[in-house]
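What follows is the residue order along each chain.
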Amino acid sequence: MAQVLEFRLPDLGEGLTEAEIVRWLVAEGDVVAVDQPVVEVETAKAMVEVPCPYAGVVTARFGEEGTELPVGAPLITVAVGAAEPGPGGSGASEGSAAATEESSGNVLVGYGTGAPAARRRRIRPSALSGGRPADASAGSAPGPSLTAGSDPAPGMAPEAGSFAGHEPVWDSAVESPAPDAPRGVAAPGIVAPAGPAPAHEGPVAVISPLVRRLAREHGVDLRELKGSGPDGLILRADVEHAVRGLTAAAGWQQLAPQPETSAVSLSASASASASVSASASAQAAVAGERVPLRGVRGAVAEKLSRSRREIPDATCWVDADATELMAARRAMNAAGGPKVSLLALLARICTAALARYPELNSTVDLDAREIVRLPEVHLGFAAQTDRGLVVPVVRAAHGRTAESLTEEFARLTDKARQGSLTPADLTGGTFTLNNYGVFGVDGSTPIINHPEAAMLGVGRIVPKPWVHQGELAVRQVVQLSLTFDHRVCDGGTAGGFLRYVADCVEQPAVLLRTL
């Protein structure tokens, strides 16, 4: 008979702990192959397709489109290994072998493990509550090891409370009961305990560290909660519901009269009523549309907040006459060949300036209390998309020509607009170029893209009165701003960098000295 395997949301890397289901690529009853994408999810970094490591028939899907799942939560169940069981119950072992052979171990397209991942049996909730396996005569296989380093004999029940203090094992791919076995009901071979287990015993079914932190910050005892997720998994919504309950209970306790104050004056009653009315008015004032801070928006908020907390930044700026740079670009494009973008020319100026001032192409190692100067320039550039602000990274920008930079900027911008950037496209930057002039603004004090040390901002290029060669003229003027980490350098270094960039903008021939 077929064996039903459960595929859980794998670890997508880069410290991500959750993902949102964007689109299901398979339906229940569909036949899937090994490494076939089954769902498209959106993380804080990008949208990715998650491939299934099993070949078989999809028997169940968990979560609707738009649902946010923590890493380790079930995605689908797949029935694999349809071989007929032989005498002596060999069908189960054959199904297990087939499942092992058909499992690839890959978790992401292009980010495989290369070999099947080590698999562990999941401790079921009924077993965690102190349940006993069925007798060996009932046809059940010996249970898994209950304590580290010792296995019970087949058919022997574990001692009560032997699981206390142990966390359940949450794997990305584990065996699951057949689809007709309802969740929360003990599987065959497991006898339910005689009475309900105390809330404070046994491990807590929590995967996400964010859920644990939220509970810890609000004083919520996770052992008192009943999870609404699969197999009793405690989700963020469960903790938030408990927090609201605690807040409401605290509010009623403050409003409730004390036992010894049986007689309350009219003035005190009126004061309490006014307080309740004011509280209700304040609550109504803050009521409005609530947008979940997750996905790209949540990642941006977290990174910018961390940058403000950790980096003592400072900003300097200067106006520059970009007339000659614009003329040079027109001359380049008139000569034939691929067109060169203005952003590529500014990027080429940046890499030349970083070669002269390497302090700004660095990062700070807080643990070692060291400044790490990086040998290569991986240039990030801010791009606004329908999903929000993203910062794709051009690898080895210091070794690229203006034509190569133009091509790479165009390729990454197209991927950003299509929502197909991978985590590798969005990480590893050492310096960021932010062209906020496309929004029609002149200046800004940008927040550094943590853990980088600096960011160059470029405003719009507009005609302005300018003194050129001793005479007043209308020139193409741009404002340049540099925000830098004051731990890696002083104002002299930052000012020298920005002045060199401005000189190259005003006189592009300055670049010829370093080409």
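Keep in mind the model is a prediction, meaning the values are calculated, not measured.

1. Looking at the confidence of the model for the protein chain
When pLDDT is averaged along the protein chain, the result is 75, and 66% of the positions lie at 70 or above. Throughout residues 259-266 the model reports pLDDT below 50, and contacts reaching past four residues in sequence, or to other chains, amount to 1 contact.

2. What to know about the nonpolar core
Within soluble globular proteins, side chains that are nonpolar tend to cluster in buried spots. Residues F431, L480, F497 and V505 are the most contacted members of the largest nonpolar core, which totals 54 residues. A total of 9 residues in this core trace back to one element, the largest contributor, which is helix α8 (residues 342-356). Sequence-distant contacts of V505, defined by excluding residues within four places in its chain, comprise A320, D321, A322, L325, L346, I349, V478 and L480. Counting residues in hydrophobic clusters, the runner-up holds 24 residues, among them L5, F7, C52 and V78.

3. Quick look at the pairing of strand β19 (residues 431-434)
Burial along β19 is two-sided: F431 and L433 and T432 and N434, pointing in opposite directions, are all buried. Pairing geometry for strand β15 (residues 379-381) and β19, over 3 bridges, is parallel. Bridged to L379 within β19 is F431. Inspection of the sheet shows β19 paired to strand β20 (residues 454-458) by 3 bridges, in the parallel sense. Each bridged residue has a counterpart across the sheet, and for T432 the counterpart in β20 is M455.

4. Observations concerning the packing of helix α7 (residues 323-334) against α8
At a minimum axis separation of 11 Å, α7 and α8 run at an interaxial angle of 115 degrees. Considering only the axes of α7 and α8, their crossing is right-handed. Facing L325, M326, R329 and M332 of α7, the residues of α8 in contact are L342, L345, L346 and I349.

5. Here we look at the pattern of salt bridges
Going through the model one piece at a time under the given rule, you end up with 13 salt bridges. One salt bridge in this structure joins R8 and E6, with 3.0 Å as the shortest N-O distance. Across the pair, E6 and R8 agree in class, each one buried. For the salt bridge of D425 with K415, the shortest nitrogen-to-oxygen distance reads 2.8 Å. Remark: K415 occurs in helix α9 (residues 402-418) and D425 occurs in the loop between α9 and β19; sequence separation between them is 10 residues. The exposure classification of D425 matches that of K415, with both residues buried. Counted as one network, the salt bridges with shared partners bring together D321, E324 and R475.

6. Here we look at the pairing of strand β21 (residues 462-468)
Relative to strand β22 (residues 471-485), β21 runs antiparallel, the two sharing 7 bridges. Bridge pairing in β22 places W466 opposite A473.

7. So, the sheet that holds strand β2 (residues 18-24)
Strand order in the open sheet made by the 4 strands is β5-β4-β2-β7, with antiparallel pairing throughout. The sheet terminates laterally at β5 (47-52) and β7 (68-70), the two strands that pair on one side only. Averaged over all pairs of adjacent strands, the angle between their axes in this sheet comes to 45 degrees, without regard to strand direction.

8. Quick word on unusual backbone geometry
Of note, the bond from H450 into P451 is cis; its omega dihedral lies within 30 degrees of zero at 10 degrees. Structurally, the position occupied by P451 is in the loop between β19 and β20. The backbone of D35 shows a phi angle near 70 degrees, a positive value even though the residue is not glycine. Examined against the element boundaries, D35 turns out to sit in the loop between β3 (31-32) and β4 (36-42).

9. A word on the environment of G227
Structurally, G227 is set in the loop between α3 (209-218) and α4 (236-255). The exposure class assigned to G227 is buried, which follows from its relative accessible area of 16%. Here the alpha-carbon distance between G227 and V239, two residues 12 residues apart in the chain, equals 9.0 Å. The residues touching G227, leaving out its near neighbours within four places in the chain, are G232, L233, I234 and D238.

Basis of the calculations
Residues numbered from 1 in each chain as written. Predicted model: local features only at pLDDT ≥ 70, side-chain atom pairs only at ≥ 80, totals over all residues. Heavy atoms only, no water. pLDDT = per-residue confidence, 0-100. Contact = heavy atoms within 4.5 Å. Core = buried A, V, L, I, M, F, W, Y, C linked by side-chain atoms within 4.5 Å. Buried < 20%, exposed > 50% of the residue type's maximum accessible area, 1.4 Å probe, protein only. Helix = DSSP H or I, 4+ residues; strand = E, 2+ residues; numbered from the N terminus. Pairing = 2+ DSSP bridges. Axes fitted to C-alpha atoms, helices over the stretch in contact; angles between N-to-C directions. Left-handed = near helix turned anticlockwise from the far one by under 90°. Salt bridge = Lys/Arg side-chain N within 4 Å of Asp/Glu carboxyl O.

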